[in-house]
Number of protein chains: 2
Amino acid sequence: MDVLDWLAAALGEEAVDAGALTTDPALLDAARTDRSGWVADGRPLAIVTARTVEQVQATLRAASEFRVPVVPRGAGTGLAGGANGTDGSIVLDVSALNRIVEISADDQLAVVEPGVVNSDLNAALEPYGLFFAPDPASKAVSTVGGNIATNAGGLLCAKYGVTREAVLGLDVVLADGRLIHTGHRTVKGVTGYDLTALFVGSEGTLGVIVGATVRAQPIPPGEPVTLGALFSDVTAAAQASARITAARLRPAVMELLDAPALERIAAYLGPATIEDAFGAAGGAAYLLVQFDGATAAVDATAAGDLLAETGGTVRVAADAQEGERLLAIRRAFHPALASSGEVLIEDVAVPRSRMPEMFAAIERISERYGIPIPTVAHAGDGNLHPNFVYTGETVPDAVWDAANDLFRTAIALGGTLTGEHGVGVLKRRWLADEIGPDSYELQVKLKSVFDPLGILNPGKVFGGA
Amino acid sequence: MDVLDWLAAALGEEAVDAGALTTDPALLDAARTDRSGWVADGRPLAIVTARTVEQVQATLRAASEFRVPVVPRGAGTGLAGGANGTDGSIVLDVSALNRIVEISADDQLAVVEPGVVNSDLNAALEPYGLFFAPDPASKAVSTVGGNIATNAGGLLCAKYGVTREAVLGLDVVLADGRLIHTGHRTVKGVTGYDLTALFVGSEGTLGVIVGATVRAQPIPPGEPVTLGALFSDVTAAAQASARITAARLRPAVMELLDAPALERIAAYLGPATIEDAFGAAGGAAYLLVQFDGATAAVDATAAGDLLAETGGTVRVAADAQEGERLLAIRRAFHPALASSGEVLIEDVAVPRSRMPEMFAAIERISERYGIPIPTVAHAGDGNLHPNFVYTGETVPDAVWDAANDLFRTAIALGGTLTGEHGVGVLKRRWLADEIGPDSYELQVKLKSVFDPLGILNPGKVFGGA
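Residues numbered from 1 in each chain as written. Chains lettered and ligands numbered in written order. Predicted model: local features only at pLDDT ≥ 70, side-chain atom pairs only at ≥ 80, totals over all residues. Heavy atoms only, no water.

Caption draft 1: Focus on the overall build of chain A. A count of helices and strands for chain A gives 17 helices and 19 strands. Relative to the globule expectation of 23 Å for 465 residues, the C-alpha radius of gyration of chain A, 23 Å, shows essentially globular dimensions. Here the C-alpha coordinates of chain A stretch approximately 70 × 55 × 40 Å along the principal axes. In chain A, buried positions account for 60% of the 465 residues. Partitioning the contacts of chain A with sequence separation of at least 6, the portion at a separation of at least 24 is 72%. (Helix = DSSP H or I, 4+ residues; strand = E, 2+ residues; numbered from the N terminus. Rg over C-alpha atoms; globule rule 2.2 N^0.38 Å. Buried < 20%, exposed > 50% of the residue type's maximum accessible area, 1.4 Å probe, protein only. Contact = heavy atoms within 4.5 Å.)

Caption draft 2: Structural view of the interface of chain A and chain B. At the junction of the two partners, chain A supplies 80 residues and chain B supplies 80 residues. Summed over both sides, the interface of chain A with chain B buries roughly 6500 Å², with 57% coming from carbon and sulfur. Counting the surface chain A buries against chain B, the share from its top three residues, K188(A), V190(A) and Y193(A), is 15%. At the junction of chain A with chain B, the criterion picks out 12 salt bridges. (Buried area = accessible area lost by both parts, 1.4 Å probe. Salt bridge = Lys/Arg side-chain N within 4 Å of Asp/Glu carboxyl O.)

Caption draft 3: Fine view of the relation of the copies chain A and chain B. Turning chain A through 180° and shifting it by 0.0 Å along the axis lays it on chain B, with an RMSD of 0.0 Å. Classification of the inter-copy transformation places it as that of a two-fold axis. Comparing interface residues between copies, 100% of those in chain A also lie at the interface in chain B; the contact surface is shared. (Least-squares fit on C-alpha atoms with pLDDT ≥ 70 in both.)

Caption draft 4: Highlighting helix α13 (residues 320-331) of chain B. Residues and elements named next belong to chain B. The terminal C-alpha atoms of α13, which comprises 12 residues, lie 16 Å apart, in line with the 16 Å expected from a rise of 1.5 Å per residue. The set of residues buried in α13 consists of E322, G323, L326, L327, I329 and R330. Take α13 and look down its axis: the buried residues cluster within an arc of 145°, on one side only. Exposed side of α13, more than 90 degrees from the buried face: A320 and Q321 are the residues found there. Between the side-chain oxygen of the N-cap and the backbone nitrogen of Q321 there are 3.2 Å, and the N-cap of α13 in question is D319. (Expected span 1.5 Å × (residues − 1). Arc of directions from axis to C-beta. Polar contact = N/O pair within 3.5 Å; in protein donor to acceptor, adjacent residues only side chain to side chain.)

Caption draft 5: Expanded view of the UniProt feature "domain: FAD-binding PCMH-type" (unreviewed entry) in chain A. According to UniProt, the positions carrying the feature "domain: FAD-binding PCMH-type" (unreviewed entry) are residues 40-219 of chain A. In residues 40-219 of chain A, the share of helix is 21% and the share of strand is 25%. The end C-alpha atoms are 41 Å apart. (UniProt positions renumbered as here; feature names shortened; annotations may be inferred.)

Caption draft 6: Spotlight on the packing of helix α17 (residues 428-450) of chain A against helix α18 (residues 437-450) of chain B. Interaxial distance between α17(A) and α18(B) falls to 10 Å at its minimum, and their mutual angle equals 155°. In terms of their interaxial angle, α17(A) and α18(B) are classed as roughly antiparallel. Handedness of the crossing formed by α17(A) with α18(B): right-handed. Contact residues: α17(A) offers L442(A), K445(A), L446(A), V449(A) and F450(A), while α18(B) offers L442(B), K445(B), L446(B), V449(B) and F450(B). For the contact of α17(A) with α18(B), the per-class residue count stands at 8 nonpolar, no polar and 2 charged. (Axes fitted to C-alpha atoms, helices over the stretch in contact; angles between N-to-C directions. Parallel < 35°, antiparallel > 145°, perpendicular 65-115°, else oblique. Left-handed = near helix turned anticlockwise from the far one by under 90°. Nonpolar A, V, L, I, M, F, W, Y, C, P; charged D, E, K, R; others polar.)

Caption draft 7: Looking closely at the nonpolar core. Among the nonpolar cores identified, the biggest contains 70 residues, and F450(A) and F450(B) are the most heavily contacted of them. When residues of this core are assigned to their parent elements, the largest contribution, 7 residues, is made by α17(A). When residues no more than four places from it in sequence are discounted, the contact partners of F450(B) are L442(A), L446(A), L174(B), A175(B), L195(B), L198(B), F199(B), L206(B) and L456(B). (Core = buried A, V, L, I, M, F, W, Y, C linked by side-chain atoms within 4.5 Å.)

Caption draft 8: Representation of unusual backbone geometry. If you check the backbone angles, R67(A) has positive phi at about 55° while not being a glycine. Inspection of the secondary structure assignment puts R67(A) in the loop between α4 (53-66) and β3 (70-73). The residue V461(B) is not glycine, and still its phi comes out positive at about 70°.

Caption draft 9: Inspection of the domain arrangement of chain A at higher detail. Residues and elements named next belong to chain A. For chain A, the assigned domains are domain 1 (3-93), domain 2 (100-218), domain 3 (225-332) and domain 4 (341-412). Inter-centroid distance (C-alpha atoms) of domain 2 to domain 3 is 31 Å. Approximately 550 Å² of surface area, both sides summed, lies buried where domain 2 meets domain 3, with 49% of it carried by carbon and sulfur atoms. On the domain 2 side of the interface with domain 3, the three residues burying the most area are L155, L156 and K159, jointly 83% of the side's total. Note that D292 is salt-bridged to K159, the shortest N-O span being 2.6 Å. Summed over the shared surface of domain 2 and domain 3, the result is 2 residue pairs in polar contact (both at pLDDT 80 or more). (Domains from an automatic or database assignment.)

Caption draft 10: How the structure looks around the packing of aromatic side chains. The full count for this structure, using the stated rule, is 16 aromatic pairs over all chains. Aromatic pair F278(A) and Y286(A): ring centres 6.0 Å apart, planes at 90°, arrangement edge-to-face. The residues F278(A) and Y286(A) share a single accessibility class, namely buried. Counting every residue linked through ring pairs, the aromatic cluster contains Y193(A), Y440(B) and F462(B). (Phe/Tyr/Trp six-rings, centres within 6.5 Å; stacked < 30°, edge-to-face > 60°.)

Caption draft 11: Fine view of the sheet that holds strand β4 (residues 90-93) of chain A. Residue and element names in this part refer to chain A. Taken together, 4 strands build an open sheet; the order of strands is β1-β2-β4-β3 and the sheet is mixed. Unpaired on one side and paired on the other, β1 (21-22) and β3 mark the two borders of the sheet. Across the sheet, α4 lies against β2 (46-49), β3 and β4, angled at about 165° from β4, the strand it touches most. (Pairing = 2+ DSSP bridges.)

Caption draft 12: Structural detail: the pattern of salt bridges. Tallied over the entire structure, the rule returns 48 salt bridges over all chains. Residues D107(A) and R185(A) are paired through a salt bridge, measuring 3.9 Å at the closest nitrogen-oxygen approach. Here D107(A) is found in the loop between β5 (100-104) and β6 (109-112), whereas its partner R185(A) is found in the loop between β9 (179-183) and α8 (195-199), with 78 residues between them in sequence. The exposure class assigned to D107(A) is buried, which follows from its relative accessible area of 4%. The partly exposed category is assigned to R185(A), whose relative accessible area is 26%. Between R178(B) and E441(A) there is a salt bridge, with the nearest N and O atoms lying 3.3 Å from each other. You can see R178(B) sitting in the loop between β8 (167-173) and β9 (179-183) and its partner E441(A) sitting in helix α17, one on each of two chains. Since its relative accessible area comes to 26%, R178(B) is described here as partly exposed.

Caption draft 13: The arrangement of the environment of A133(A) in detail. With respect to the element layout, A133(A) can be found in the loop between β7 (130-131) and α6 (144-149). When the C-alpha atoms of A133(A) and E165(A) are compared, they prove to be 9.3 Å apart, with 32 residues separating the residues in sequence.

Caption draft 14: Region of interest: the side chain of D135(A). Residue and element names in this part refer to chain A. Tracing the backbone through its elements, the reader meets D135 in the loop between β7 and α6. Comment: no salt bridge for buried D135; closest opposite-charge side chain is K139, at 4.4 Å. For D135, the side chain forms a polar contact with the main-chain nitrogen of L155, separated by 3.0 Å. Excluding residues that lie within four positions of it along the chain, D135 makes contacts with G153, G154, L155 and L156. (Lys, Arg positive; Asp, Glu negative; His and termini not counted.)

Caption draft 15: Structural view of the pairing of strand β14 (residues 285-291) of chain A. All names here are of chain A. Burial analysis of β14 places 7 of its 7 residues in the buried class, which makes it a mostly covered element. Looking at chain direction, strand β12 (residues 225-231) and β14 are connected through 7 bridges and run antiparallel. Counted as the bridge partner of L230 is Y286 from β14. In terms of strand pairing, strand β13 (residues 253-257) meets β14 through 5 bridges, oriented antiparallel. Bridging from a neighbouring strand, E255 pairs with L288 of β14.

Caption draft 16: The pairing of β8(B), seen in detail. Residue and element names in this part refer to chain B. Counting buried positions over the 7 residues of β8 gives 6, a clear majority of the element. Relative to strand β10 (residues 208-215), β8 is paired through 6 bridges, and the arrangement is antiparallel. Opposite V167, over in β10, you have V214 as the bridge partner. Taking the residues that link successive antiparallel strands as the turn, the β8-β9 hairpin has 5 residues, and the phi of G177 there is positive, at about 100°.

Given below as structure tokens:
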């Protein structure tokens, strides 16, 4: 009896007939990749599409029994190769575990299965005046389980926190098939080690998340107010964003686009779009700021004055429609780049005060390697997404060399090589550089506590040295 | 050569002459206890008062070499016995490591040594318009390192988060004396497992915290506005607090005192104090609410209307002075109890919606065991501090029986046996009940990764089964 026979028996005839276990080559090939474009070598053995926690448990028992790697997967929208089905693995797809089990308005929390799509959860919370704060760019398609597995970020993090801060407790199936529950339904709780935080961002290497109790925050009252500002260069824009922070204003969103980004967006939207929004004025860097809550209008006016003082050409949106036009410039970043070639989306973060240096380094690296690197930054938290533009089917070596330079610069500036995407496969070779050999060794030992047989997403996060 | 000789040599003559190593019986005895009143059996071997990271490292190397337990200790203000010096241990006092190394207003963070007192850090941040959010009741004397080691809470957590959310990175000396750094200076960062979160709340069982990079938040603008309300019973007060949350108002502080608490406070302050504040009206439960930020006055008025609608006798403070009088009622809780006997301060947390049930259970347990249990709750996050009043030198068995009942009730309501004090020694026998045998086993294995020789604060948190 091989692992697939064992698994079929464990899942049961009914589930198998309903498609819980497939070896369809086209599906297996599709599971080899994610939104990073990286494709795993070889081919997975099978895909299990779990519809119950018991099926997840059965899959892990089978994998333990036969020492077969398991790759947990949600919507497959990752950007680091973490959920890509590797050769000979069982891809454990939990995206069909997609029920919202409970919304408690009184306790301001939701209990969900991992496959619930981020924006579906938000749509369900909205009638209660609540929202789930993590807002990765993929939120319309990515799952809450995937957001948790990668500790996803987004635009709102500087004000509303990263995913870790939004997770109260987890249901996790361990490598041997046991189900544990971590954390609390309470805001506070200090019994033992924080296993919840340990699973958040663990990229499928410690266990399979099959349920989550997440915080739901009150939607800020009133309408948000948006402003945009054009600057002569990215350093001026970065300094202006720092002044907003220094003034103790707390924007919900603060996004910065550099010159190569703005050029491509202008070409994509038509140059008149930006000029029209700014009364014919031009600029080489764009700062988009949005305030929410009861003081949004007052804060936006104060921020607008500050940005104008620092040399910006400022538009404070008079209404939601004008706000949308200012937001549209930022939103056009990814489509504009997609229309101009292939891109490797990077994800460094630096302390806010080092952003001007990081932008200068990106410019230098772009020149040195002859690679365009249009960049957007979540300026409120120093998280930059340099996009390496290239042609061809796979990422050229020169792009990786340039990325290597970029990562080392970010680390040298007191930053990190990934602010919100995760390590996956694509960044594992720099992990030890950032965290150091002693922490690396501890982390590998930690993994072995949860995964003594090495079946949980092996080759991801670690093993890149 | 014994461990003390080895240690004296490693610390160096100069440090030893300056008092870095002591075996003074009076000091050893003082280190056997904390603010919980629990006194460890036997006596520690010695106390090391470290003034450098190297001295911490030397102490751990000595402890590893001779297999001697190390008990890390800050100000000794814990309430669960976690830092109490046990028989034959080396107490490693880090309270003299008390420099504020850096404050970065631009990056809104501070880098501190572990012995910095919470309120000293806040005093240093204040000129920058920043504050360190964790505010345990002990903040005037407890250390940031101790706050981190216990994941301390406080009054402001519902709005501003617990300690874990305020810690960006840590410097930790491992059991074998190696120094590692975890986390980032950035808000975001997802490289590998979240070791920072694992150390937060680990109560000295995984390593010794010798440095911390903590978030500093902008002080909310304007003056806070305080209101107080008297209710006919604690259930009405708890429901009223739930209505404030349900109305999406976000108080900075929301504290609830039950009837046995209010009686003692009235006796302590003189009954006229409360009656004067409320224009001669009386009540059996007290809700104190404070709003901060730009909308404080508007929010306080809205909350006051809500509380009045739900049957409260409400005073919205017209100025800071009146606010102080309303706050003074809450602040009198601990002194009032201290003047009426010995107390065991408990620390359960339940989902906010279950607070009325928890208060009812406390009343029932108080009657069943014949023990007065005046209670104060951080109503915004469901964290209750039932104070078991007793006489005599040690906590009577009947009090522990009653506490046992209380813990089981909190867990049954979806809560936890400790919201913010930690497990230490006093709650270890209930830990497995709450987290379950599988999580317990995982946690013990996790500890052994960091502490293979079992020298780090043994007998704390675990070992109570």
